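Overview (structure and organization)
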Amino acid sequence: MKKEFKVIADLLPNNTRVLDVGCGDGALMDFLVKEKNIEVRGLELNQDNVQECIYKGLPVIQGNAETELYQFPKQSFDYVVLSQTLQAFYQPDKVLRELLRIGKSVVVSIPNFGYWKVRTSLLLFGKMPVTKTLPNTWFNTPNLHMCTIKDLFNYCEDQNIIIKKVIGVNENKISLIKKNNLEMKNLFYKLGVFLIG
């Protein structure tokens, strides 16, 4: 399981209701059901991923999160998870508002475009970087809105969204991010995992 999924799972208490938006092949959902006794539902756009979830016995709906979240009632889940998908939406702010409407709390993870290797690659080579966390080239990337940990942190503060916890994630370590260490952590962590409400 990806390190990011372990961090997300640790933020979710046992015996809760979770909606995994953009659930992919259901790897996180499967872990949550088996290890944390969480009642989980998935929403996924890709038909092959939906089939994989069904094959695993996971409850999933095929749909587009950008246009179909309105179907879920207000506060119908304890937590909503959005893993490395926010930057791919045309209107990420609208999606965030919907997630906050549906869930009592929301976990959002993002690839950090402010990570030092991304910055250095752009500076030294003058072209959009390709890394493990950003594996696509500029012309085939699903990323429409490049975002840093600092960007999302500031957005939440500006919109009066409560930031309950922010965790920086690399392959071998995680670190708590707060306002007083935001600049440094934004530079040295590949992913940001936000628990907001």
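Coordinates for the structure precede this section.
Residues numbered from 1 in each chain as written. Predicted model: local features only at pLDDT ≥ 70, side-chain atom pairs only at ≥ 80, totals over all residues. Heavy atoms only, no water.

**A short note on the side chain of Glu66**
The cut-off we apply is this: Under the scheme used here, helices are H or I runs from DSSP no shorter than 4 residues and strands are E runs no shorter than 2 residues, and both carry numbers assigned from the N terminus. Residue exposure (1.4 Å probe, protein chains only): buried if accessible area is under 20% of the type maximum, exposed if over 50%, otherwise partly exposed. Counting rule applied: Lys, Arg positive; Asp, Glu negative; His and chain ends not counted. Basic side-chain nitrogens of Lys or Arg form a salt bridge, by our definition, when they fall within 4 Å of a carboxyl oxygen of Asp or Glu. Nitrogen and oxygen atoms within 3.5 Å of one another constitute a polar contact, given that in protein one can donate a hydrogen and the other can accept it, and given that sequence-neighbouring residues count only through two side-chain atoms. Contacts: residue pairs with any heavy atoms within 4.5 Å of one another.
Secondary-structure assignment places Glu66 in helix α4 (residues 65-68). Although Glu66 is buried, it makes no salt bridge; Lys94 carries the closest opposite charge, 6.7 Å away. In this structure the side chain of Glu66 is engaged in a polar contact, spanning 2.9 Å, whose partner is the backbone nitrogen of Tyr90. Contacts of Glu66, omitting those with residues within four sequence positions, involve Phe89, Tyr90, Gln91, Lys94 and Val95.

**With respect to the sheet that holds strand β3 (residues 60-62)**
For clarity, the threshold we go by: For two strands to count as paired, DSSP must find a minimum of two bridges between them. The convention used is that axes are lines fitted to C-alpha atoms, helices contributing only their stretch in contact, and that angles between N-to-C directions extend from 0 to 180 degrees.
Here we have eight strands laid out as an open sheet, ordered β3-β2-β1-β4-β5-β8-β6-β7, and mixed in their pairing. Unpaired on one side and paired on the other, β3 and β7 (174-176) mark the two borders of the sheet. Between one strand axis and the next, the sheet turns through 20° on average, direction left out of account. Pairing analysis gives four bridges linking strand β1 (residues 17-21) to strand β4 (residues 77-83), with the strands arranged parallel. Bridging across to β4, Asp20 finds its partner in Val81. Helix-sheet contacts for helix α3 (residues 47-55) involve β2 (39-44) and β3, and the interaxial angle to β3 is about 160°.

**A few points about the packing of aromatic side chains**
Put simply, the rule is: Only rings of Phe, Tyr and Trp enter the pairing, Trp through its six-membered ring, and a pair is recorded when the two centres are within 6.5 Å. The plane angle decides the type: under 30 degrees is stacked, over 60 is edge-to-face, the rest tilted. Ring-over charges, as used throughout, are those where CZ of Arg or NZ of Lys falls within 6 Å of the ring centre and within 35 degrees of the ring normal.
Counted according to the given criterion, the structure contains two aromatic pairs. Taking the centre distance of 6.1 Å and the plane angle of 65° together, the rings of Phe72 and Phe77 count as edge-to-face. The same class applies to Phe72 and to Phe77, which are both buried. Residues Tyr115 and Trp116 carry aromatic rings whose centres are separated by 6.2 Å and whose planes lie at 55° to one another, so their mutual orientation is tilted. For Arg17, the ring lying beneath its charged end belongs to Phe77, and the centroid distance is 4.7 Å.

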